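One-letter residues, chain by chain:
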Amino acid sequence: MPPSTRIGFGWDSHEFRPNIPLKIGGLRLAHNKGLGGHSDGDVLLHAITDAVLGAIGAPDIGTLFPPSDPKWKGADSVVFLNEALKRMRAAGYNISNLDSSLIMLAPKIGPHANAIRAHLSRLLVIPADCIGLKAKTPEGIGTDNAAIANVVVLLAKAPAKRESFNLTVPDKPVPPPRKSPAKKK
Ligand code: MG
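Residues numbered from 1 in each chain as written. Predicted model: local features only at pLDDT ≥ 70, side-chain atom pairs only at ≥ 80, totals over all residues.

Undergrad: Could you give an account of the overall build of the protein chain, naming the residues involved and the relevant values?
TA: Broken down by element type, the protein chain carries 4 helices and 7 strands. Each helix and strand of the protein chain, placed in order from N terminus to C terminus, yields the pattern β-β-β-β-α-α-α-β-α-β-β. Of all 185 residues assigned to the protein chain, the portion counted as buried reaches 30%. (Helix = DSSP H or I, 4+ residues; strand = E, 2+ residues; numbered from the N terminus. Buried ≥ 20, exposed ≤ 12 C-beta atoms within 10 Å, placed from the backbone.)

Undergrad: Describe helix H1 (residues 43-55), and please don't skip the residues or the numbers.
TA: The end-to-end C-alpha distance of H1 is 18 Å, a good match for the 18 Å that 13 residues give at a rise of 1.5 Å each. In terms of burial, H1 is largely enclosed, as 13 of its 13 residues are buried. Gly57 lies just past H1 and shows a positive phi near 70°. (Expected span 1.5 Å × (residues − 1).)

Undergrad: So what's going on with helix H3 (residues 78-90)? Residues and values would help.
TA: Counted at 1.5 Å a residue, the expected span for H3 with its 13 residues is 18 Å, and the 18 Å between its end C-alpha atoms agrees. Taken together, the buried positions of H3 are Phe80, Leu81, Ala84, Leu85 and Met88. Across the axial projection of H3, the buried residues extend over an arc of 135°, all falling on one side. Every exposed residue of H3 that faces more than 90 degrees away from the buried side is listed here: Lys86 and Ala90. Summarising the contacts, the buried residues of H3 are in contact with H1, helix H2 (61-64), strand S5 (93-103), helix H4 (113-124) and strand S7 (146-157). Following H3 by one or two positions, Gly92 adopts a phi angle in the positive range, close to 90°. (Arc of directions from axis to C-beta. Contact = placed C-beta atoms within 7 Å.)

Undergrad: Describe the sheet that holds strand S4 (residues 33-35), listing the residues and the values that go with them.
TA: The sheet built from 5 strands is open, its strands ordered S4-S1-S7-S5-S6 with mixed pairing. For this open sheet the edge positions go to S4 and strand S6 (131-136), each flanked by a neighbour on one side alone. For this sheet, the mean inter-axis angle between neighbouring strands, taken without regard to orientation, is 20°. Along the sheet face, H4 touches S5 and S6 and points at about 145° away from the line of S6. (Pairing = 2+ DSSP bridges. Axes fitted to C-alpha atoms, helices over the stretch in contact; angles between N-to-C directions.)

Undergrad: Please set out the pairing of S7 residue by residue, giving values where relevant.
TA: One ladder, built from 11 bridges, connects strand S1 (residues 5-18) with S7; its direction is antiparallel. When the bridges of S7 are listed, Ser13 appears paired with Ile148. Bridging between S5 and S7 involves 10 bridges; their strand directions are antiparallel. Directly across from Ser101, in S7, lies its bridge partner Asn150.

Undergrad: Account for the packing of H1 against H3, with residues named and values stated.
TA: Following both chains from N to C, one finds H1 and H3 inclined at 15°, their axes separated by 9 Å at the closest point. The angle between the axes of H1 and H3 places the two elements in the roughly parallel class. Viewed along their axes, H1 and H3 form a crossing whose handedness is left-handed. Residues Leu45, His46, Ile48, Thr49, Val52 and Leu53 of H1 pack against Val78, Phe80, Leu81, Ala84, Leu85, Arg87 and Met88 of H3. Classifying every residue of the contact of H1 with H3 gives 10 nonpolar, 2 polar and 1 charged. (Parallel < 35°, antiparallel > 145°, perpendicular 65-115°, else oblique. Left-handed = near helix turned anticlockwise from the far one by under 90°. Nonpolar A, V, L, I, M, F, W, Y, C, P; charged D, E, K, R; others polar.)

This is the structure:
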């Protein structure tokens with residue numbers, strides 16, 4: 001019998017490069033640099049995708065969408081996330097909750113955190129209060145020109161589908177209810 005819950009972990013990092021758009025959690029943020037990468041460089045969506053894939057024991061994002069394949073050049077990372085969610089639902093699970101930490105010097109994520117959570121809520125189809133998003137700065141680890149995302153996700157077994165009701169009309173009319181015999185006086 002499959003386990004009732006499963007946990008997944010995802011990690012990703014991308015380097016900042018000038019004059020490209022910055023996307024975090026599917027949202028475009030105003031900044032003078034963006035995240036380089038073969039796709040749109042959305043470090044948070046990549047870590048979420050890997051966390052979901054890992055939870056169901058599926059191949060990771062780099063195996064499913066190899067950077068060597070020109071098909072994924074400049075791809076919207078929502079495509080990767082949706083594939084992971086499709087596999088998760090096929091395996092019979094829903095997301096219970098998700099927590100994440102973003103580590104970058106700039107831009108400050110705090111002012112955008114609620115907008116990112118609201119957007120993730122729509123992408124993942126879970127309430128925003130089931131999504132944690134913490135913003136950290138890379139103190140003393142020498143990654144000032146990188147963005148790093150850590151994600152954990154908990155999946156719960158989806159409720160079993162109900163059998164469809166049999167709505168066929170019976171061949172014979174239903175007999176009237178039997179009257180109870182009259183009481184003897
Ligand atoms: Mg990545």
